Amino acid sequence: TDSREFAGFQTLFTPPFPQAGPRHRQAASMPRILVAALLSAFILLAVCPPALCDDDKKPDPYEMLHVSVERGKHLMSLQCGDKTDTGRILSCGSDATGRARVEKWAKAPLPVRAVDYHNHHFNSDRWDVFEVKGSDIIVSTVAKSGTTLTQAIIGHLLLITGNQPPVGDEEALLDRSPWVDMRPMPVPALIGVMKGQEGFKRRCLKTHLPLDGLRFDPSAKYINVVRDPRDVAWSMHNHWAAVTPAWYGMVNSDPLVGPPVPPYDEAAHTQKRVFEDWIIRGESWLWSYWHHVHTWWSYRHLPNVLHVHFANLKKDKKGEVRRMAAFLGIDATDAQIDNVVAKTSIEAMRSDKKLMGPIMDAMFDKGKESFLYKGTNGRWKDMLTAEDHAALEKKAKQEIPDDLWDYLQTGNYPPAKGEL
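With respect to the state of the cysteines
In the structure shown here, the tally under the stated rule is 1 disulfide. Each sulfur of the disulfide joining Cys80 and Cys92 lies 1.8 Å from the other. The sign of the -70 degrees torsion about the S-S bond sets the Cys80-Cys92 disulfide as left-handed. Separated by 12 residues along the polypeptide, Cys80 in the loop between α3 (69-76) and β3 (89-91) and Cys92 in the loop between β3 and α4 (99-105) bring together distant segments of the chain. Each of the two residues, Cys80 as well as Cys92, counts as buried.

Structure below.
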C-alpha cells in the first residue's frame, strides 16, 4: 500500500462534521469505491478517488454497507426502538439498557438474538453472511477493555500451535480476526476475509455486540473481556481525542442508521466528562457499557463462555494466557506460553510491524502509538471525587447484579450459576 492510496482514503472520508443530526440521515452521494483492498483490524476497504472512477462503476452504498439493498432501506425507514422485519428491536446502541429487560431476556437456556444493532459502528446483520464454525473463537468486549491485547494473545497461540499458517508478507496478524459487526467494512470485503480463511484450522473473530444481538453458536468458543468502567472511560477519551478526519468520515458515512458521532471537543470532552456522559448518565454516542457487560455475564455459566478481566491480564498475564489456552483446547508448552507473553507486551506490540495494518496511520494521530496507548489502569484515581464514586456505585446497583459489580472492580471471579 503506497501513499497515494492513503491520500485517496483521506480524501474519501473527509466530510463536514455535524454537531448534531436527525434521528436518521438520508443516504447521500457516496464517494466512489472501486474494490475492497485495505485490510486491517479496524476496516478492510479500498478507495478509488472520485477523479479515477467512472459513475457507472460507483457501487450502491446499500450494497456495500448492508447485507442487502432492501434490508438497508428498511432499516433507514425506522426509528431506533422500532421492530425490524426480523421481529427484533432496532437499537442504535445507547438505548439498549435496563436491568429488568436483561434479566427477563436471560431466562432462556441459551442466549436468544433479540436486538438488531445498527449505528455508526454496528451492523449486527453481518453475522448472517457466513456460518460460525464449532472451531471458531469469538472475542467480545464493550470497547477499550483489552480487545486488541486478547486478539493478539489468541492470534499468537494459534500461530505457534499450527492452527493457522504463518503471517504473510502482505498481511498483519490482526487482519485475521476481523471485527465482524463493524459497519464501515464493506460486506463483500468481510465475505472475502471469511473465504480467505477457509483453510485455517481455527479462526478468531471480534465483536463489540451485547450478547442479545449476536447469533450465538453453542459449539463455538466465546471470550468476553471486561474492565473497570472508570478505566474504560479514560481509555475511550484517549481513543476519541486521537481520531482523524478520515475516521469520522468512515464511521459517519451514509447510509447511516441513527445519529452520527459528534466531533471531539478538547475543551468540553474532558476525561471526566466522557466518564459522566457514558458511564453515569448514558447520554453518549457510545453504546451502553452496563447493558453489554450484563448480557454476557448472564450466561457466564455456559461451558463455551469465558470471562477475562483486563486487570488480571496485567497482573498475571502468563496465568491468564494459560487459562485461555486451556479453555480453547490449545495444548501449549510453557515455552510457547512464555513466547506469547513476550510478544504481547505493550512495547512488543507497538514495535511489531506485522501486528496491525498501516491503515492505523490514517485513522489515528500518531497511528498505532495512539491506538495502543498506555494500557494502564487507575488513571482516574486523582480525578474522581467521593461524590463521583458514590454516583458510580448508585448507577452500578441500578444496572447490574452485585456479583458482576464486584468482579468489574476487583477481577475476583465468583462461582457461576449452579456452582455455589
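Let us keep going from here.
Things to note about the pattern of salt bridges
Per the counting criterion, the structure on display carries 23 salt bridges. In this structure, Glu171 and Arg176 form a salt bridge, with 2.9 Å as the shortest nitrogen-oxygen distance. Between Arg322 and Asp334 there is a salt bridge, with its nearest N and O atoms 3.0 Å apart. Highlighted residues: Arg322 in helix α12 (residues 317-328) and Asp334 in helix α13 (residues 334-343), separated in sequence by 12 residues. Arg322 gets classed as partly exposed once you look at its relative accessible area, which sits at 36%. One network of salt bridges, in which partners are shared, links Arg71, Asp85, Arg88, Asp116 and Asp125.

Brief notes about the confidence of the model for the protein chain
Looking at the protein chain, pLDDT values average 83 and 81% of them are 70 or higher. Below a pLDDT of 50 lies the segment residues 1-53, which in the model reaches 127 contacts outside its immediate sequence neighbourhood of four places, other chains included.

A closer look at the sheet that holds strand β8 (residues 305-309)
Overall, parallel pairing links the 4 strands, which are arranged β6-β5-β7-β8 in an open sheet. Here the strands that pair on one side only, and so sit at the sheet edges, are β6 (204-207) and β8. Direction aside, neighbouring strands of the sheet carry axes that sit 25 degrees apart on average. Here strand β5 (residues 137-141) pairs with strand β7 (residues 221-226) via 5 bridges, running parallel. Its bridge partner being in β7, Ile137 is matched across the sheet by Lys221. Packed onto the sheet, α12 meets β5, β7 and β8 and runs at close to 170 degrees relative to β8.

How each quantity is defined
Residues numbered from 1 in each chain as written. Predicted model: local features only at pLDDT ≥ 70, side-chain atom pairs only at ≥ 80, totals over all residues. Heavy atoms only, no water. Disulfide = S-S within 2.5 Å. Helix = DSSP H or I, 4+ residues; strand = E, 2+ residues; numbered from the N terminus. Buried < 20%, exposed > 50% of the residue type's maximum accessible area, 1.4 Å probe, protein only. Salt bridge = Lys/Arg side-chain N within 4 Å of Asp/Glu carboxyl O. pLDDT = per-residue confidence, 0-100. Contact = heavy atoms within 4.5 Å. Pairing = 2+ DSSP bridges. Axes fitted to C-alpha atoms, helices over the stretch in contact; angles between N-to-C directions.

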